[in-house]
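Listed below, chain by chain, are the residues.
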Amino acid sequence: MRSLTISSNNGFIDLMKIKVAARHISYRTLFHTILILAFLLPFVFILTALVTLEGVDKCSSFDCLGRRLGPRLLGRDDSGRLVKDFYKILNQVNTEEIPDGVKLPDSFNQLVSEMKNSQYDAKTFALMLRAMMEKLEREIREAKFSELMNKHFAASSIPKGLYCLSLRLTDEYSSNAHARRQLPSPELLPVLSNNSYHHFVLSTDNILAASVVVTSAVQSSLKPEKIVFHIITDKKTYAGMHAWFALNPVSPAIVEVKGVHQFDWLTRENVPVLDAVENHYSIRNYYHGNHIAGANLSDTTPRTFASKLQARSPKYISLLNHLRIYLPELFPNLDKVVFLDDDVVIQHDLSPLWEIDLRGKVNGAVETCKGEDEWVMSKHFRNYFNFSHPLIAKHLDPDECAWAYGMNVFDLCAWRKTNIRETYHYWLKENLKSNLTMWKLGTLPPALIAFKGLIHPIDQSWHMLGLGYQSKTIVENVKRAAVIHYNGQSKPWLQIGFEHLRPFWTKYVNYSNDFVRNCHILEL
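Below, the structure is looked at part by part. These numbers come from a predicted model, not from an experiment.

1. A word on empty space enclosed by the protein
Phase 1: Inspection of the entire model under this criterion finds 2 cavities of 30 Å³ or more.
Phase 2: Looking at the second largest cavity, its volume works out to about 70 Å³.
Phase 3: As for the second largest cavity, its lining consists of His 198, Phe 200, Ala 217, Ser 221, Lys 223, Ile 227, Ile 346, His 348, Asp 349, Leu 350, Ser 351 and Trp 354.
Phase 4: Residues that form the lining of the second largest cavity fall into these classes: 6 nonpolar, 4 polar and 2 charged.

2. Overview of the nonpolar core
Phase 1: If you look at the biggest cluster of nonpolar residues, it comprises 71 residues, and the most contacted ones within it are Leu 165, Phe 229, Phe 245, Leu 340, Leu 353 and Ile 484.
Phase 2: The leading source of residues in this core is helix α7 (residues 207-220), at 9 residues.
Phase 3: Look past the residues within four positions of Leu 165 in its chain and what remains in contact with it is Ile 207, Leu 208, Trp 244, Phe 515, Val 516, Cys 519 and Ile 521.
Phase 4: Counting 45 residues, the second-largest nonpolar core is a separate cluster that includes Val 260, Phe 381, Phe 410 and Leu 428.

3. Side note on unusual backbone geometry
The phi angle of most residues is negative, glycine excepted, and most peptide bonds adopt the trans form.
Phase 1: Cis rather than trans, the peptide bond between Leu 183 and Pro 184 has omega equal to -10°.
Phase 2: A cis amide bond, omega 10°, links Ser 251 with the succeeding residue Pro 252.
Phase 3: As for its placement among the helices and strands, Pro 252 is situated in the loop between α8 (235-247) and β6 (254-259).
Phase 4: At Asn 435, a residue that is not glycine, the phi angle is positive and equals roughly 60°.
Phase 5: In this structure, Asn 435 sits in the loop between α16 (420-433) and α17 (444-450).
Phase 6: Even without glycine at this site, His 520 takes up a positive phi of about 55°.
Phase 7: Here His 520 is to be found in the segment after α20 (514-518).
Phase 8: Overall, His 520 belongs to the exposed group, its relative accessible area being 63%.

Thresholds applied
- Residues numbered from 1 in each chain as written.
- Predicted model: local features only at pLDDT ≥ 70, side-chain atom pairs only at ≥ 80, totals over all residues.
- Heavy atoms only, no water.
- 1 Å grid on protein atoms, 1.4 Å probe; cavity = no way out; pocket = protein on both sides within 12 Å on 5 of 7 lines; lining within 4 Å.
- Points joined across faces, edges and corners; volume = space filled by probe spheres on them.
- Nonpolar A, V, L, I, M, F, W, Y, C, P; charged D, E, K, R; others polar.
- Core = buried A, V, L, I, M, F, W, Y, C linked by side-chain atoms within 4.5 Å.
- Buried < 20%, exposed > 50% of the residue type's maximum accessible area, 1.4 Å probe, protein only.
- Helix = DSSP H or I, 4+ residues; strand = E, 2+ residues; numbered from the N terminus.
- Contact = heavy atoms within 4.5 Å.

None of this, on its own, says anything about what the molecule does.
What follows is the structure, given as structure tokens:
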């Protein structure tokens, strides 16, 4: 300001002039300027307060404040630049190593608290967040593997109630003559080899499961008087199994109970491989040993690990699980049978199965390479065999469709004209020689080879699979299936069974039976 001149007339200000440099500003202009500033300053104050409250880091300089206020005052959105900066920081953090020994917060709230107290910059915050997420992923993965191991042990064990049932029935067999009565009665013995009847074969050591299979088949049949069940069990379970069906007849159906020790044909000479399977140390160690030792869990997905655990179920080295390959020899007078697993439930009449023309094939089975459920019905040979093994790669096609055990129609007349048993034994021996490197999963792989070219596909509605491992099974589809199969670890008689699928099985359990009640086998 170079000079200030004020002139007055009669005590009143007449003129005010401010001379700045070489320009003059009138009083009217100055008044309007002050008026505009008075109008804008409150908004500037409010905007400054909002920016300060929203900010994470301190902004103490006018330069910083200008960078933050400028775009807002000019009406520009600066969020795009902030997002780009954020992505840039994330990319940097993603490629950097997390420092060893860094102390991580236990929760997100603790992280935010430390961020405020320690004044983390954006990069440090992102690095800590990444370390926390990776730690959480490791803990979740470890917990998942632990869950799978616990589930495997639960599936391999015998529930206390079922063990009690077997013991009480065995005791009843020894003390009650009625529990020892001949099955079937002498006048019905000719029916056991009469091919005009519908013959079912069931191989199991689970008494309660066997009762559900038989009861569901009889109650669902339109011709129960035509049903004959041949139940095969092991020596330790024979007395209890016989006592159950002697005390709980399912007339008009006929039930025969036999132990493996009662078949003259089942000798070590006829089944040498199975004797080796049950007694070979490395085989027993594989199925009964430490299932974690030697496993590289870091390179294994939980789903793959679950499949490997299922393949190591001790039932796969049980003679009962291999008996189906000897059906023509065990039942020399029968022409056609339906073989059932003990974890199935029959919901519709199965009489039409005996009318299916297998067209010279041996095994009527449901194929498992196509269907609505892509997880359950997506099995090819590659899912069961190790095609890096030269013998497997030479003889098998990885894209060949697999089929299911559990409900099979066997033409025993056609079977007796083949070398299925010899092929089965050959491949079992080769797998033993290779230290189980050709396949891992139980009895189905050698059967896939032995029955190769001898399978007649039947409609999928006859046999629905996966109720023991597919929790997302659609209930409406279950209701429509003729036979539902709880294959997998989550059996309906175990606590790990799926709640929404268990009622299809428990509806056939007689919970009013004295033995069932005394063993506290309650509806789960």
